[in-house]
Amino acid sequence: IEDLTEHPWAGLPAIITLFAEDAGGHIGRSEPLDAIIPARPFSDPMAKALVEERRAMASSLAEARPALQRLRAVTAYPEDWFGDAMRPYLIVRTAMRRLAYALDEGREGAEIGSVMDLLWRAALLIEEGDLASAAERLRRAQERLSDAIERGAESDEISRLMDELRQAMNDYIQEM
């Protein structure tokens, strides 16, 4: 299962064709199917705008400079668009600076991925607060505990990882 909701093309139409190859090298394929790439819904207007800027830059590198100008416009008065949420504002400013340096040096192709990642993180923070990072910490704590149990770790390590998991769960519940 692949989660495509973070992909810049999420929400756009696509044609899906499944291919399968057996051990003998025979290939089978399905009929093409029209579908919409699953997208994560955003309700906050600024989060939606950041996701749209990502999509614009993913569709064409020529959109990088206009996207930078639009980001400069919305960050000129951060209190109007970000309110008290300074962390997403700073992430957007970091993305803008990276993009500006890349455009000045002709390296936008190399930097566009990291800029889009930063804009996604900012959109999630605006939309969810720290819920997304709390969920990620919870997922990592679960994985670490599961790995420790599978490899037969000492009881003190498992106890420590259980405490970490409990704390991550409490943080997640608090954010919800």
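Residue positions are given per chain, counted from 1 along the sequence in the order it is written. Residue-level local features of this predicted model are given only where pLDDT is at least 70; pairs of side-chain atoms are given and counted only at 80 or more, and the full residue set underlies all totals for whole chains, interfaces and linings. Calculated side-chain values reflect all of the structure's heavy atoms, with hydrogen atoms and water omitted.

### With respect to the overall build of the protein chain
Strands are runs of DSSP state E lasting at least 2 residues, helices are runs of H or I lasting at least 4, and numbering of each runs from the N terminus. Looking only at helices and strands, the protein chain has 7 helices and 4 strands in total. Starting at the N terminus, the α and β elements of the protein chain follow one another as β-β-β-β-α-α-α-α-α-α-α. Counting over 176 residues, the protein chain shows a buried share of 30%. In what follows, a contact means two residues having at least one pair of non-hydrogen atoms within 4.5 Å. When contacts within the protein chain are restricted to residue pairs at least 6 apart in sequence, long-range pairs at least 24 apart make up 59% of them. Methods summary: accessible areas were calculated by the Shrake-Rupley approach with a probe of 1.4 Å, and residue burial reflects only the protein chains presented. When the accessible surface of the protein chain is summed, it comes to about 11,400 Å², and 54% of that surface belongs to carbon and sulfur atoms. Note on charges: Lys and Arg go in the positive column, Asp and Glu in the negative column, and His and the chain ends are not counted at all. Here the site of a charge means atom NZ of a Lys, CZ of an Arg, CG of an Asp or CD of a Glu. Measuring between centres, the 21 positive side-chain charges of the protein chain sit 5 Å from its 33 negative side-chain charges. Only protein chains enter the accessibility calculation, which uses a 1.4 Å probe. A residue is then buried if its area is under 20% of the maximum for its type, exposed if over 50%, and partly exposed in between.

### Regarding the nonpolar core
In this text, buried Ala, Val, Leu, Ile, Met, Phe, Trp, Tyr and Cys residues form a nonpolar core when linked through side-chain atoms within 4.5 Å. One finds Phe42, Leu50, Met57, Val92, Leu99 and Leu119 to be the most contacted residues of the largest nonpolar core, which totals 31 residues. Where this core is concerned, the elements lending two or more residues are α1 (45-59), α2 (64-75), α4 (86-105) and α5 (108-128). Per-element accounting of this core gives the leading share, 11 residues, to α5. In this structure Val92 touches Leu50, Leu71, Thr75, Phe82, Leu119 and Ala122, once residues within four positions along its chain are discounted.

### Remarks on the confidence of the model for the protein chain
Here the protein chain averages 89 in pLDDT, while 98% of its residues score no lower than 70. As a per-residue quantity, pLDDT reports the predictor's confidence and falls between 0 and 100. Of all helices and strands in the protein chain, the one with the weakest mean pLDDT is helix α3 (residues 78-81) (80), whereas strand β3 (residues 27-29) scores best (95).

### Observations regarding a nonpolar patch on the surface
Residues form patches when they are more than 30% accessible in relative terms and have no salt bridge. Like charges link within 9 Å. Nonpolar side chains (Val, Leu, Ile, Met, Phe, Trp, Tyr) link within 5 Å. For this analysis, a salt bridge means a side-chain nitrogen from Lys or Arg found within 4 Å of a carboxyl oxygen belonging to Asp or Glu. A contiguous nonpolar patch, built from Ile16, Leu18 and Leu33 and spanning about 300 Å² of accessible area, is present on the exposed surface. Structurally, Leu18 can be placed in the loop between β1 (13-16) and β2 (19-21).

### Digging into α1
By this rule the span expected of a helix is its residue count minus one, scaled by 1.5 Å. Compared with an ideal rise of 1.5 Å per residue, which puts 15 residues at 21 Å, α1 spans 21 Å between its outermost C-alpha atoms and is within 8% of the ideal. Turning to α1, its buried residues number three or more, namely Met46, Ala47, Leu50, Val51, Glu53, Arg54, Arg55, Ala56 and Met57. Buried positions along α1 lie against α2, α3, α4 and α5. N or O atoms within 3.5 Å of each other form a polar contact, as long as, within protein, one can give a hydrogen and the other can take it, and as long as residues adjacent in sequence are counted only when both atoms are side-chain atoms. With a side-chain oxygen lying 2.8 Å from the backbone nitrogen of Met46, the N-terminal cap of α1 falls on Asp44.

### Brief notes about a negative patch on the surface
Negative charge collects at one region of the surface, where Glu2, Asp3, Glu6 and Asp117 lie side by side. By relative accessible area, which is 58% here, Asp3 ends up exposed.

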